[in-house]
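# Report on the structure
Each chain, letter by letter, is given below.
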Amino acid sequence: GDQVEQSPSALSLHEGTGSALRCNFTTTMRAVQWFRKNSRGSLINLFYLASGTKENGRLKSAFDSKERYSTLHIRDAQLEDSGTYFCAAERTNTGKLTFGDGTVLTVKP
Amino acid sequence: EAAVTQSPRNKVAVTGGKVTLSCNQTNNHNNMYWYRQDTGHGLRLIHYSYGAGSTEKGDIPDGYKASRPSQENFSLILELATPSQTSVYFCASGTGDTLYFGAGTRLSVL
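Cut-offs and rules
Residues numbered from 1 in each chain as written. Chains lettered and ligands numbered in written order. Predicted model: local features only at pLDDT ≥ 70, side-chain atom pairs only at ≥ 80, totals over all residues. Heavy atoms only, no water. Helix = DSSP H or I, 4+ residues; strand = E, 2+ residues; numbered from the N terminus. Rg over C-alpha atoms; globule rule 2.2 N^0.38 Å. Buried < 20%, exposed > 50% of the residue type's maximum accessible area, 1.4 Å probe, protein only. Contact = heavy atoms within 4.5 Å. Areas by Shrake-Rupley, 256 points an atom, 1.4 Å probe, with all protein chains shown as cover. Pairing = 2+ DSSP bridges. Buried area = accessible area lost by both parts, 1.4 Å probe. Salt bridge = Lys/Arg side-chain N within 4 Å of Asp/Glu carboxyl O. Polar contact = N/O pair within 3.5 Å; in protein donor to acceptor, adjacent residues only side chain to side chain. Nonpolar A, V, L, I, M, F, W, Y, C, P; charged D, E, K, R; others polar.

## Focus on the overall build of chain A
Helix and strand counts for chain A stand at 0 helices and 11 strands. Relative to its length of 109 residues, chain A is compact, with a C-alpha radius of gyration of 13 Å against a globular reference of 13 Å. By principal-axis analysis of the C-alpha atoms, chain A measures approximately 40 × 25 × 20 Å. A buried classification covers 45% of the 109 residues belonging to chain A. In chain A, the share of contacts with a sequence separation of at least 24, taken over all contacts with a separation of at least 6, comes to 55%. Carbon and sulfur atoms provide 44% of the accessible area of chain A, an area that totals close to 5,200 Å².

Put into structure tokens, the structure is as follows:
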């Protein structure tokens, strides 16, 4: 079946620094979503992209359907950014998402 | 803001017992989904629905049934719960553009 390979599985950042998460897809996807699971266990929508890039505050995401990948960039990381980040992609317009295994982000003082 | 409410938030069940997880959405979304998430893994789709009266099998439907009696409500049913079904279950509703998730139900089957 469709696979989403997310990396890294864990990431540790100091406050004020930044990094990128990446998802590679084994097949052409029509859209990607990024979520963050917070300390209370809730899944928060970050981005939905069918192409190109989107930016929201300190987060920026890109999706290249042809090259089969998506990235999530975090800059100026803050303590409250800690959590597990998931990418999820859909191949068809059914809303059925295939999730990556997640990246556990820890932001340290 | 889209609202998806799951109940219960936590459940302990015995092996062989019946468990029903409930989900309610006030967004008037046609599509609803049930996922499970296990530690170290992404969410996996169990069942989904395109509207009242419809249920479809997802990627891992074995051992689960679903019921969509109305636009607002979508239930996940474990007729004979097993310890392998211990997990966190997420319900979601959505349009074609994005999904809105409930806060999750933590199920432990002993």
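From this point, things continue past the structure.
## What about the pairing of strand 9 (residues 87–94) of chain B?
Residue and element names in this part refer to chain B. Taking burial as the measure, the 8 residues of strand 9 include 8 buried ones, the bulk of the element. Because side chains alternate across strand 9, one face comprises the buried residues Ser87, Tyr89, Cys91 and Ser93, and the other comprises Val88, Phe90, Ala92 and Gly94, equally buried. In terms of strand pairing, strand 4 (residues 31–37) meets strand 9 through 7 bridges, oriented antiparallel. In the sheet register, Asn31 faces strand 9, and the bridge partner there is Gly94. Pairing of strand 9 with strand 11 (residues 105–109), which is carried by 3 bridges, proceeds in the antiparallel orientation. Bridge assignment links Tyr89 to a residue of strand 11, and that residue is Thr105. Summarising the sheet, strand 9 and strand 10 (residues 99–101) pair through 3 bridges and their orientation is antiparallel. The residue bridging Ser93 from the neighbouring strand is Tyr100, located in strand 10.

## Some remarks on the interface of chain A and chain B
Across the boundary between the two partners, chain A contributes 20 residues, which contact 20 residues of chain B. Note on chain A versus chain B: buried area summed over both sides is about 1,600 Å², and carbon and sulfur give 49% of it. Its largest share of buried area at the contact with chain B, chain A owes to Leu43, Lys96 and Phe99 of chain A, together 31% of the area lost on that side. Scanning the region where chain A abuts chain B turns up 0 salt bridges. In this assembly, chain A and chain B are joined by 6 residue pairs in polar contact (both at pLDDT 80 or more). At the level of elements, strand 4 (31–37), strand 5 (43–49) and strand 9 (83–90) of chain A are the ones that each hand at least two residues to the side of chain A that touches chain B. By residue class, the composition of the side of chain A that touches chain B is 6 nonpolar, 8 polar and 6 charged.

## Some words on unusual backbone geometry
Residue and element names in this part refer to chain A. Across the junction of Ser7 and Pro8, the peptide omega takes the value -10 degrees, indicating a cis bond. Looking at the secondary structure, you find Pro8 in the loop between strand 1 (4–7) and strand 2 (10–14). Positive phi is not limited to glycine here, since Arg68 has a value of about 65 degrees. Mapped onto the secondary structure, Arg68 falls in the loop between strand 7 (59–64) and strand 8 (69–74). On the accessibility criterion, Arg68 (34% relative accessible area) is partly exposed. With a phi angle near 50 degrees, Asp76 is a residue other than glycine that sits in the positive phi range. By the secondary structure assignment, Asp76 is in the loop between strand 8 and strand 9. On the basis of relative accessibility, which here comes to 35%, the residue Asp76 falls in the partly exposed class.

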